[in-house]
There are 2 protein chains.
Amino acid sequence: MKAVGIVTEYNPFHNGHLYHIEQAKKLTGADVVIAVMSGNFVQRGEPAIFDKWTRAQVALQNGVDIVIELPTFFAVQPSHIFTEGAVKLLAAMGVEDIVFGSEHADVDFLTLAKNAPDVQLSKKSDAGNFKDKKQTFASAYAHELEMSTGFKLEDPNDILAFGYARAVSKLGLESQINLRPIQRMSAGYHDKTFTEDQKIASASSIRLALHKGKLEKLADVVPNETKALLSSSANTINFEQPFWQLLKYRLVTDTVGQLGQIYQMAEGLEHRLSAMALGEPGPQSYQSYIKAVKSKRYTFARIQRTLLYTLANIKVDQMQAAMQDAYLRVLGFTPLGQQYLNVTKKHLDLPLISKVDMSLAKSNLRLDYKAGKLWQMLATGDNVPQQDVSRVPILVEKEK
Amino acid sequence: MKAVGIVTEYNPFHNGHLYHIEQAKKLTGADVVIAVMSGNFVQRGEPAIFDKWTRAQVALQNGVDIVIELPTFFAVQPSHIFTEGAVKLLAAMGVEDIVFGSEHADVDFLTLAKNAPDVQLSKKSDAGNFKDKKQTFASAYAHELEMSTGFKLEDPNDILAFGYARAVSKLGLESQINLRPIQRMSAGYHDKTFTEDQKIASASSIRLALHKGKLEKLADVVPNETKALLSSSANTINFEQPFWQLLKYRLVTDTVGQLGQIYQMAEGLEHRLSAMALGEPGPQSYQSYIKAVKSKRYTFARIQRTLLYTLANIKVDQMQAAMQDAYLRVLGFTPLGQQYLNVTKKHLDLPLISKVDMSLAKSNLRLDYKAGKLWQMLATGDNVPQQDVSRVPILVEKEK
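Note that the structure is a prediction, hence the values are computed from the model and not measured.

**Considerations on the overall build of chain A**
And then number 1: Broken down by element type, chain A carries 17 helices and 8 strands.
And then number 2: A globule of 400 residues ought to have a C-alpha radius of gyration of about 21 Å, and chain A, at 20 Å, matches this closely.
And then number 3: Considering only C-alpha atoms, chain A reaches an extent of 60 × 55 × 50 Å along its principal axes.
And then number 4: The buried share of chain A, taken over its 400 residues, is 58%.
And then number 5: Within chain A, contacts between residues separated by at least 24 positions form 76% of all contacts whose residues are at least 6 apart in sequence.
And then number 6: Of the roughly 16000 Å² of accessible surface on chain A, 50% is carried by carbon and sulfur atoms.
And then number 7: Distance between charge centres in chain A, computed from 46 positive and 42 negative side chains, equals 5 Å.

**Thoughts on the relation of the copies chain B and chain A**
And then number 1: Once chain B is rotated about the relating axis by 180° and shifted along it by 0.0 Å, it coincides with chain A to within an RMSD of 0.0 Å. Such a turn and shift between the copies fits a two-fold axis. Using C-alpha coordinates, one finds that chain B approaches the rotation axis most closely at Leu246 of chain B, a distance of 3.4 Å.
And then number 2: Interface overlap between copies is the fraction of interface residues in one copy that are interface residues in the other; for chain B against chain A it reaches 100%, indicating a shared surface.

**Observations regarding the pairing of strand β1 (residues 3-8) of chain A**
Residues and elements named next belong to chain A.
And then number 1: Within β1, 6 of the 6 residues are buried, which leaves it mostly tucked inside the rest of the structure.
And then number 2: Going residue by residue along β1, you find Ala3, Gly5 and Val7 tucked away on one face and Val4, Ile6 and Thr8 tucked away on the opposite face as well.
And then number 3: Note: β1 against strand β2 (residues 32-38), 6 bridges, orientation parallel. Bridge pairing in β2 links Thr8 to Met37.
And then number 4: With helix α1 (residues 15-28) bridging β1 and the parallel β2, this β-α-β connection has right-handed handedness.

**Structural notes on the packing of aromatic side chains**
And then number 1: The final tally for this structure, using the stated rule, is 21 aromatic pairs over all chains.
And then number 2: Residues Tyr141 of chain A and Phe162 of chain A carry aromatic rings whose centres are separated by 6.1 Å and whose planes lie at 45° to one another, so their mutual orientation is tilted. Here the residue Tyr141 of chain A occupies a position in helix α6 (residues 137-149), and Phe162 of chain A occupies one in helix α7 (residues 156-170), the gap between them amounting to 21 residues. Like Tyr141 of chain A, the residue Phe162 of chain A is buried in the burial classification.
And then number 3: A centroid spacing of 5.8 Å and a plane angle of 85° characterise the contact between Phe73 of chain B and Tyr327 of chain B, whose relative ring orientation is edge-to-face. In this pair, Phe73 of chain B sits in helix α3 (residues 72-75) while Tyr327 of chain B sits in the loop between α15 (316-323) and β6 (328-333), placing the two residues 254 residues apart along the sequence. Across this residue pair, the class does not change: Phe73 of chain B and Tyr327 of chain B are buried.

**Regarding the interface of chain B and chain A**
And then number 1: The interface is formed by 27 residues belonging to chain B together with 27 residues belonging to chain A.
And then number 2: Together chain B and chain A conceal approximately 2400 Å² of surface at their shared face, both sides included; 57% is due to carbon and sulfur atoms.
And then number 3: For the chain B face of the interface with chain A, the top three residues by lost area are Tyr249, Glu280 and Met377 of chain B, together amounting to 28%.
And then number 4: Remark: the boundary between chain B and chain A carries 2 salt bridges.
And then number 5: For Asp254 of chain A, the salt bridge identified is with Arg250 of chain B, shortest N-O distance 2.8 Å.
And then number 6: Summed over the shared surface of chain B and chain A, the number is 18 residue pairs in polar contact (both at pLDDT 80 or more).

**Regarding the domain arrangement of chain A**
Residue and element names in this part refer to chain A.
And then number 1: Splitting chain A by domain gives domain 1 (3-237 + 324-395) and domain 2 (240-320).
And then number 2: Between domain 1 and domain 2, the C-alpha centre-to-centre distance is 25 Å.
And then number 3: A combined buried area of about 2500 Å² lies between domain 1 and domain 2, and 55% of that area is made up of carbon and sulfur atoms.
And then number 4: The tally of links from domain 1 across to domain 2 stands at 0 salt bridges.
And then number 5: Our count for the domain 1 to domain 2 interface comes out at 8 residue pairs in polar contact (both at pLDDT 80 or more).
And then number 6: With 5 residues, the single largest contributor to the side of domain 1 that touches domain 2 is helix α17 (residues 366-378).
And then number 7: Grouping the constituent residues of the side of domain 1 that touches domain 2 by class yields 12 nonpolar, 8 polar and 9 charged.

**Description of helix α17 (residues 366-378) of chain B**
Residues and elements named next belong to chain B.
And then number 1: Given a rise of 1.5 Å per residue, 13 residues ought to cover 18 Å, and the 18 Å separating the end C-alpha atoms of α17 matches this to within 8%.
And then number 2: In terms of residue burial, α17 counts as a mostly covered element, since 11 of its 13 residues are buried.
And then number 3: Regarding α17, the residues found buried are Leu367, Asp368, Tyr369, Lys370, Ala371, Gly372, Lys373, Leu374, Trp375, Met377 and Leu378.

**Brief notes about the pairing of strand β3 (residues 66-70) of chain A**
Residue and element names in this part refer to chain A.
And then number 1: Within β3, 5 of the 5 residues are buried, which leaves it mostly tucked inside the rest of the structure.
And then number 2: Covered by surrounding structure in β3 are Ile66, Ile68 and Leu70 together with Val67 and Glu69, the residues of both alternating faces.
And then number 3: Across 5 bridges, the pairing between β2 and β3 is parallel. Residue Ile34 lies in a different strand from β3, and its bridge partner there is Ile66.
And then number 4: Pairing analysis gives 4 bridges linking β3 to strand β6 (residues 328-333), with the strands arranged antiparallel. Bridged to Glu69 within β6 is Arg329.

**Some words on the pattern of salt bridges**
Residue and element names in this part refer to chain A.
And then number 1: With the rule as written, the count across this model stands at 21 salt bridges over all chains.
And then number 2: Across the pair Lys52 and Glu69 runs a salt bridge, and its minimum N-O distance is 3.0 Å. Placement of the pair is Lys52 in helix α2 (residues 52-61) and Glu69 in strand β3, with a sequence separation of 17 residues. You'll find Lys52 and Glu69 in the same group, each marked buried.
And then number 3: Each member of the salt-bridge network shares a partner with another, and the members are Lys52, Glu69, Arg329 and Asp388.

**A short note on the environment of Tyr289 of chain B**
All names here are of chain B.
And then number 1: Residue position: Tyr289 is located in helix α13 (residues 286-293).
And then number 2: The class for Tyr289 is buried, based on a relative accessible area of 0%.
And then number 3: Note: C-alpha distance between Tyr289 and Leu171 (118 residues apart in sequence) is 39 Å.
And then number 4: Residues contacting Tyr289, with those up to four places away along its chain left out, are Trp244, Leu247, Leu251, Leu273, Met276, Ala277, Pro283 and Leu307.

**Considering the side chain of Thr136 of chain A**
Residues and elements named next belong to chain A.
And then number 1: By the secondary structure assignment, Thr136 is in the loop between α5 (109-115) and α6.
And then number 2: In terms of polar contacts, Thr136 uses its side chain to reach the side chain of Ser139, at 3.0 Å.
And then number 3: When sequence neighbours within four positions are dropped, the list of residues in contact with Thr136 reads Lys296, Arg297, Tyr298 and Thr299.

**As for α1 of chain A**
All names here are of chain A.
And then number 1: Its 14 residues give α1 an end-to-end C-alpha distance of 20 Å, which sits within 8% of 20 Å, the value for a rise of 1.5 Å per residue.
And then number 2: Every buried residue belonging to α1 is among Asn15, Gly16, His17, His20, Ile21, Gln23, Ala24 and Thr28, and all of these are buried.
And then number 3: Positive phi shows up at Gly29, right after α1, with a value of about 65°.

**Notes on the packing of helix α13 (residues 286-293) of chain A against helix α14 (residues 300-311) of chain A**
Residues and elements named next belong to chain A.
And then number 1: Orientation of α13 relative to α14, taken along the N-to-C sense of each, is 115°, at an axis distance of 11 Å. Taken together, α13 and α14 sit at an angle that is classed as roughly perpendicular. For the element pair α13 and α14, the recorded crossing hand is right-handed. Contact residues: Tyr286, Gln287, Tyr289, Ile290 and Val293 in α13; Phe300, Ile303, Gln304 and Leu307 in α14.
And then number 2: Grouping the amino acids of the contact of α13 with α14 by side-chain chemistry returns 7 nonpolar, 2 polar and no charged.

**Comments concerning the environment of Pro12 of chain B**
All names here are of chain B.
And then number 1: If you trace the backbone, Pro12 turns up in the loop between β1 (3-8) and α1 (15-28).
And then number 2: Judged by its relative accessible area of 2%, Pro12 is buried.
And then number 3: Distance from Pro12 to Val87, taken between C-alpha atoms, is 22 Å for residues 75 residues apart in sequence.
And then number 4: Beyond its immediate chain neighbours, meaning those up to four positions away, Pro12 contacts His17, Ile49, Phe50, Ala203, Ile206, Arg207, Thr226 and Leu230.

So, how was this worked out
- Position labels on residues start from 1 in each chain and follow its written sequence.
- Both sets of labels track the order of writing: A upward for chains, 1 upward for ligands.
- For this predicted model, a pLDDT threshold of at least 70 governs which residues receive local features, and a threshold of 80 or more governs which side-chain atom pairs are given and counted, while totals over whole chains, interfaces and linings are taken from all residues.
- Water and hydrogen atoms were dropped before computing side-chain values, which therefore reflect all heavy atoms in the structure.
- Helix and strand definitions here come from DSSP, where helices need a minimum of 4 consecutive H or I residues and strands a minimum of 2 consecutive E residues; each element is numbered from the N-terminal end.
- As a reference, a globule follows 2.2 Å times the number of residues to the power 0.38, and the radius of gyration itself is taken over C-alpha atoms.
- We call a residue buried when its accessible area falls under 20% of the maximum for its residue type, exposed when it is over 50%, and partly exposed in between, using a 1.4 Å probe and counting protein chains only.
- Residue contacts are counted whenever heavy atoms from the two residues lie within 4.5 Å of one another.
- To be clear on the numbers: accessible area is Shrake-Rupley with a 1.4 Å probe, and residue cover counts the displayed protein chains and nothing else.
- Only four residue types enter the tally: Lys and Arg on the positive side, Asp and Glu on the negative side; His and the chain ends are excluded.
- Lysine's charge is taken at NZ, arginine's at CZ, aspartate's at CG and glutamate's at CD.
- Our superposition of the copies is a least-squares fit, built on the C-alpha atoms of residues whose pLDDT is at least 70 in both.
- The rule for pairing is simple: two strands pair if DSSP sees at least two bridges between them.
- Orient the strands so they point away from the viewer; a crossover is then right-handed if the path from the first strand over the helix to the second runs clockwise.
- When the centres of two rings from Phe, Tyr and Trp lie within 6.5 Å, Trp using its six-membered ring, the rings pair. Their planes under 30 degrees apart give stacked, over 60 give edge-to-face, and anything left gives tilted.
- When two components associate, each loses some accessible surface as probed by a 1.4 Å sphere; the sum of these losses over both components is called the buried area.
- Here, a salt bridge means any side-chain nitrogen of Lys or Arg that lies within 4 Å of a carboxyl oxygen of Asp or Glu.
- What qualifies as a polar contact is a pair of N or O atoms within 3.5 Å, subject to a donor-acceptor requirement within protein and to the restriction that residues adjacent in sequence count only when both atoms come from side chains.
- What fixes the domain bounds is an automatic or database domain assignment.
- The classification used treats Ala, Val, Leu, Ile, Met, Phe, Trp, Tyr, Cys and Pro as nonpolar, Asp, Glu, Lys and Arg as charged, and all other residues, Gly among them, as polar.
- To estimate the expected span of a helix, subtract one from its residue number and multiply by 1.5 Å.
- Axis definition: a line fit to C-alpha positions, over the contact stretch in the case of helices; interaxial angles, taken between N-to-C directions, run 0 to 180 degrees.
- Roughly parallel covers angles under 35 degrees, roughly antiparallel covers those over 145, roughly perpendicular covers 65 to 115, and oblique covers all other angles.
- Each crossing is labelled by how the near helix is turned from the far one, with a counterclockwise turn of less than a right angle marking it left-handed and a clockwise turn marking it right-handed.

Next comes the structure, spelled out in structure tokens:
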């Protein structure tokens, strides 16, 4: 059985994702589609609007055969770590291709990655060897890349595509995995509006419409399963107030020394975070707090991730240890996906995890467990289900 | 000018406190009554139902001339530290007498304290040299005391009285300070009911009536200022839900190793606290959580204090350092109190603090500052005022 891999967040699942899955099958002739998906928190450092089980289920109802959770220590990370983690998991699952969107699908990303300047990527500070404090790491790196290769790496899907290519090269996977970019359709990653005749909209524009209560705008751009979920309202569309309440509590009660041990708390940022939280009367919302601490040096997403690490109290050493010890957590499968797992499970390159008990709190899954507990605390609604202990993979019987 | 000292919590101020003040003046002939009062959290590890400024104001309206805040590192402590801290502050303020209630006012507590068995009181674990895990430290100590002196130390005011006496003896204050017990009137410290002809009720029975919404029961047992406050509703009468929410968040996100550094987290208690918080589905309220972690070894108050230290993230070393460095924080005074301060302030034995700026976050007042921020987070109502920065002592012009 031939498998194709895709890297996803499905926050929420929409028509663009359907197109992605169709193209992945069509381009590669694969039997099985394996999606690596962020868990309860997405790459930008925000809680996903539905929990990982709910999102996995919709994916399985819409063409994916196996959903593997991208562990928190890979998912909530700058793009180079996010993409490398995802490639590592897909390689372990035995995929022969990875299909992904790109604003420049004609570019040979693998060659680009091989000619790219090197950076120190795994330091506490991802500032690496870029010392100019007036620009972000990403734009400094893009500038260096353009100098040496002539390619301007600035579009969000290109940045991910470049990450997959660099990971394949770095991990020596060139003979196993083909990288297959597909040209992005009209809806940009960050587009915030969509016209009535558009059948594809970006996930961020969908979340924005949801925020504004304009559900009628979403009817044509998401499959029925997502529609049903959205109309029963998302669990973390209003996460900011509880997030800010808990974060403020931590910033007030932890010492600057403790905050300084948090992952990616580089260049004295902890002093700024603490001082801005303690000021009188102090920021009244999470958004106004982020604005107060933001500087030209850091992207919005970088600040938001650092604040999530702070909220989850993830220290540098914990994160670095966790990243060395990956696993394949199965969130669900179709019968076809189950068949693929039965055939391959004895020679997977990473441990396959399908059920966990309380001992996970002491295992390398503890960050996902913590993330799940945090997600529960931030989510609205009664009886938000716990995310890990004794949960078993979803089996979606009937495929479309 | 002659000053008498009293040690108080005023949670809330009631007729028993009026009687206490009258007796203090009458017994000693003092010109000035100085109250050392717990700040925003009381000895039992709970937030005070009104903030420290509000409670200081009512005290000044009802016969107290100067209110000094008992710092958090003395206030939220077992009785031997609470009493020693209070005596240290009153001695520094130059009082000649300390007047306090006792169930056995005829007992010579100073002689009792001198003949009492010694214990290791300042260890991380207050278990000291008592190894029997089936009883609390307090009852083990009371047993030893009874063996050596014949006196049964079991009533709550006697325990405090014994603490004052031991502090006076330990600090070498016998020639400066006279200890004056007054016989407790009918209302026991922990009494939960009061009859209609009773004009004195305990603070805990008042809080209970308030909890039950039975304000009419309080009309005769508190002065008008407290009545007005109670009818505008207390700020932390319903603190348990927000307290549990923040505490659960910390227990979920901090490692057992981090919890183990918390003050008074003795004998592996951190493992129990963590496991009980993480269990699925886990306790649904603060009360059920305390019940789950409670054992015969610890009193309810001891557990509650440890949980407050956990919530405030107060480590052993921080607490021990803080206790070495006391100060006199003035919350308010009457004109007479102000006159006393003007005369004495140049030769007080501890620094007198009447106004603080943001630098307090780095000073020894940081625990009080943290406590104030926490109290704000737990309090209900909009515009709960911040507790420290730029606040100046209350001047209450008109005495009753």
